[in-house]
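Structural characterization, general
Listed here are the chains, written in short residue letters.
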Amino acid sequence: MKLAVVGKGGSGKTTTSSVIARTLARSGKAVVALDCDSNPNLGISLGVGDEETERLVSMRQALDEGEEEHANNWDTLISRYGSDGPDGVRLAVVSRIDNPEPG
Amino acid sequence: MRLAFVGKGGAGKSAISGTFARVLARQGDKVLAIDSDPLPGLAFSLGLAIDHTPPIPDDAVVERKEGEEGPRWRLNPDVDPFEAVERWSVEAPDGVRFLQFGKILGDPKNLWRSQMAFRFVINQLPAGRWNVVGDLPGGTRQAFTGWGTWANTIVIVVEPTAKSLLSGRRLARMADLDPENPKRILAVASKVREEGDVEMIAKGTGLEVVASVPWDEELAEAERRQLAPIDFAPGSPAVLAVASLVERLSEEKVS
Amino acid sequence: MSPEQLLGSVEFPEDDVVVADFEAGVGTLTRLGEEHVDTVVIVVEATPKSLEVGVRAAGLASERTVARIVVVANRIRHDQDLETVKAAFPGIEVVGVPHDPKIVEADRKGVAPIDLDPDAPAVRALIGLASTLMPSAN
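No experiment lies behind these values; they were computed from the predicted model shown.

This brings us to the overall build of chain B. Counting its regular elements, chain B contains nine helices and ten strands. In chain B, which comprises 255 residues, the proportion classed as buried is 56%.

Structure below.
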């Protein structure tokens, strides 16, 4: 199942995503949390801490530099961009932080 | 002054920057307020209903011709940035001029030329005529990817939450990456509730906190009613805090 | 590749649940298509700006996908708040989540709300929502 959570910044979508992810993981599901926001904060709400959240993003940035996206394989994606969070939720930051589109 | 207000979504940028623009204008300064968010926000905080503002016309932007050099798109040479602002901005209370993106009513794809024109006009506006107060959308997408080039000072609005602090640090780092366009980077603490919040924000961002805007129920109410905080609650702690910020920055002659 | 394209093109194991937290702008919904998601959760508050974003998102989502759409009315303080949100989304499922000092505290501390207090009202409401999202969940 794929679920997208959207909403105006500050409305609480990241908190909502995090509780949904953790709850479904606790019910026995294999959950992947994708942070697709160009200002990624999901790690904090999931409970991995702000340092790890920052590390994940800079890892993403480092891999981005000069590199085209070819990750079609899920495991590759998670191993390149991801981290293990509480309740077995796997977190990956998949946004581009420097996208210049208006929004 | 050319200040761009940035920060994580929901921090209070529109309310703070809109109030800032009105207070600055009341001092007698010429103020141009700009909003580059595809969704409405600053207009209400300035005291305007968004229906009044048509988008910049598509033909303000022209495409490079066959064989011509340079970027694919540029401002129509017939368009003078000063005149563009005069023509396409609207007047808000206290004489503030207001220029915003075309707001997305239909397919966002239809507005990209207008939005590009907006960016060109703002970035090519020579200094001196207006103080510019800009409200950039929440997050990092626009902040330092060409949408804030016009600014000399970046004001990062930060709430006392871990996520907002992280966003603030991120924005501060991004601001520092452009050595050709050095900017002063300041922080404003927003929705302050507790002793120690300001210090937490200063420590957590490594920035100078130049104002502390308290959590203010009246500001929230103004927002719910789509009214300018300065009109709805002129004496509220939050509005007064922004007025002090205007005073402080005016005295410093921040550019 | 945009996050939306990624969501559509990457082969996720069938039993995995993917929760994608998206950019707040309208751009997201214009890029999400039918093949990308099963459910769209739109989080709003009972304020004009938040509702405006949410209503546009709901419009785009129903136009472009057959996904189930659920609206979360967040930070509800009064019954009127919930009514305001329901009125903005006629015919769409709306779940209310109360304003909760524990969420404020979790935000301030930078910890997961579910860790700080799993019994806090807002957390319970979100846990309740989660359990309705998986038809096969117990």
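In this section: the overall build of chain A. From N to C terminus, chain A includes four helices and four strands. Counting helices and strands in the order they occur from the N terminus, chain A gives β-α-β-α-α-α-β-β. The burial tally for chain A puts 61% of its 103 residues in the buried class.

Moving on, we get to helix α9 (residues 237-252) of chain B. Residues and elements named next belong to chain B. Taking 1.5 Å of rise per residue, 16 residues should cover 22 Å, and α9 covers 23 Å from first to last C-alpha, within 8% of that figure. All buried positions along α9 are accounted for by Ala238, Val239, Ala241, Val242, Ala243, Leu245, Val246 and Leu249. Each element contacted by the buried residues of α9 is listed here: α1 (13-26), β9 (184-192), β10 (209-214), α7 (217-224) and α8 (229-232).

All names here are of chain B. Bridge analysis of β9 against β10 gives five bridges, and the strand direction is parallel. Looking at the pairing, Ala189 lines up with Ser212 of β10. Since β9 and β10 lie parallel, the crossover through helix α6 (residues 197-205) that links them has a hand, and here it is right-handed.

Sheet architecture is open: eight strands sit in the order β3(A)-β4(A)-β2(A)-β1(C)-β1(A)-β2(C)-β3(C)-β4(C), paired in mixed fashion. Two strands close off the open sheet at either side, each with one partner strand: β3 (82-84) of chain A together with β4 (93-98) of chain C. Going across the sheet, the axis of each strand differs from the next one's by a mean of 20°, ignoring polarity. Relative to strand β1 (residues 16-22) of chain C, strand β1 (residues 2-7) of chain A runs parallel, the two sharing four bridges. Paired with Leu3 of chain A across the strands is Val19 of chain C, a residue of β1 of chain C. Sitting on the sheet, helix α1 (residues 13-26) of chain A is in contact with β1 and β2 (30-36) of chain A together with β1, β2 (39-45) and β3 (68-76) of chain C, with an inclination near 170° to β1 of chain C.

Right, let's get into the confidence of the model for chain A. On average, residues of chain A carry a pLDDT of 82, and 76% of them reach 70 or more. Of all the helices and strands in chain A, helix α4 (residues 74-81) of chain A carries the lowest mean pLDDT, 72, while α1 of chain A carries the highest, 97.

Here we come to the interface of chain C and chain A. The interface is formed by 59 residues belonging to chain C together with 49 residues belonging to chain A. Elements with a minimum of two residues in the side of chain C that touches chain A: α1 (3-9), β1, α2 (27-31), β2, α3 (48-64), β3, α6 (113-116) and α7 (121-133) of chain C. Considered class by class, the residues forming the side of chain C that touches chain A number 37 nonpolar, twelve polar and ten charged.

Below, the discussion takes up helix α4 (residues 79-88) of chain C. For the α-helix, the turn length of 3.6 residues means that residues three or four positions removed from each other point alike. Residue and element names in this part refer to chain C. Along α4, the residues classified as buried are Asp81, Val85 and Ala88. For α4, the arc enclosing every buried residue in end-on projection is 60°, short of the 170-degree limit, so these residues lie on one face. Exposed and oriented more than 90 degrees from the buried face of α4 are Asp79, Gln80 and Ala87.

The subject of this paragraph is the packing of α1 of chain B against α9 of chain B. All names here are of chain B. For the pair α1 and α9, interaxial distance at closest approach is 9 Å and the crossing angle is 60°. For the element pair α1 / α9, the angle class is oblique. Our pair here, α1 against α9, has a crossing hand that is right-handed. Residue-level inspection shows Ile16, Thr19, Phe20, Val23 and Leu24 of α1 in contact with α9, the latter providing Val239, Val242, Ala243, Leu245 and Val246.

Turning to the sheet that holds strand β5 (residues 90-91) of chain B, a few remarks are in order. All names here are of chain B. The eight strands are arranged β5-β6-β2-β7-β1-β8-β9-β10 in an open sheet whose pairing can be described as mixed. Since the sheet does not close on itself, it has two edges, and those belong to β5 and β10, each with one partner. Of the strands in this sheet, β1 (2-6), β2 (31-35), β7 (131-135), β8 (153-158), β9 and β10 touch α1, which is tilted by about 165° from β7.

Take the nonpolar core next. All names here are of chain B. By size, the foremost hydrophobic cluster in this structure holds 81 residues, and its most contacted members are Ala33, Leu46, Ile156, Val188 and Val242. Among the elements that take part in this core, α9 stands out by supplying eight residues, more than any other. Once residues within four sequence positions are removed from consideration, Ala33 is found in contact with Ala21, Leu42, Leu46, Ala92, Val96, Phe98 and Val133.

This paragraph deals with the confidence of the model for chain B. Taken as a whole, chain B shows an average pLDDT of 87; of its residues, 90% reach a score of 70 or greater. This complex was scored by the predictor with a pTM of 0.90 and an ipTM of 0.92.

With that settled, consider the environment of Arg26 of chain B. Mapping Arg26 of chain B onto the fold places it in helix α1. As a C-alpha pair, Arg26 of chain B and Leu227 of chain B span 201 residues in sequence and 18 Å in three-dimensional space.

Reading the values: the criteria
- Throughout this description, residue numbers start from 1 for each chain and increase along the sequence as written.
- To read the labels, note that chains go from A and ligands from 1, taken in the order they are written.
- Local features in this predicted model are restricted to residues of pLDDT 70 or higher, and side-chain atom pairs are both shown and tallied only at a pLDDT of 80 or more, whereas totals for entire chains, interfaces and linings draw on every residue.
- Helix and strand assignments follow DSSP, with helices taken as H or I runs no shorter than four residues and strands as E runs no shorter than two, numbered in order from the N terminus.
- Here a residue counts as buried when 20 or more other C-beta atoms sit within 10 Å of its C-beta, as exposed when there are 12 or fewer, and as partly exposed otherwise, the C-beta atoms being derived from the backbone.
- Expected helix span is computed as 1.5 Å times (number of residues minus one).
- Residues are scored as being in contact if the C-beta atoms we place from backbone atoms lie within 7 Å.
- Should DSSP find at least two bridges between two strands, the strands are regarded as paired.
- Crossovers are described as right-handed under a simple rule: with the strands pointing away from the observer, the path leading from the first strand over the helix to the second runs clockwise.
- All axes here are fitted lines through C-alpha atoms, helices being fitted over the stretch that makes contact, and every angle between N-to-C directions spans 0 to 180 degrees.
- Known as pLDDT, the predictor's per-residue confidence is scaled from 0 to 100.
- Ten residue types, Ala, Val, Leu, Ile, Met, Phe, Trp, Tyr, Cys and Pro, are classed as nonpolar, four, Asp, Glu, Lys and Arg, as charged, and the remainder, Gly among them, as polar.
- In this description, one arc is meant: the one made by directions from the helix axis to the C-beta atoms.
- Oblique is the label for every angle not falling under 35 degrees (roughly parallel), over 145 degrees (roughly antiparallel), or within 65 to 115 degrees (roughly perpendicular).
- The sense of a crossing depends on the near helix, which, turned anticlockwise from the far helix by less than a right angle, makes the crossing left-handed and, turned clockwise, makes it right-handed.
- Put simply, a nonpolar core is buried Ala, Val, Leu, Ile, Met, Phe, Trp, Tyr and Cys residues tied into one set by C-beta atoms within 7 Å.

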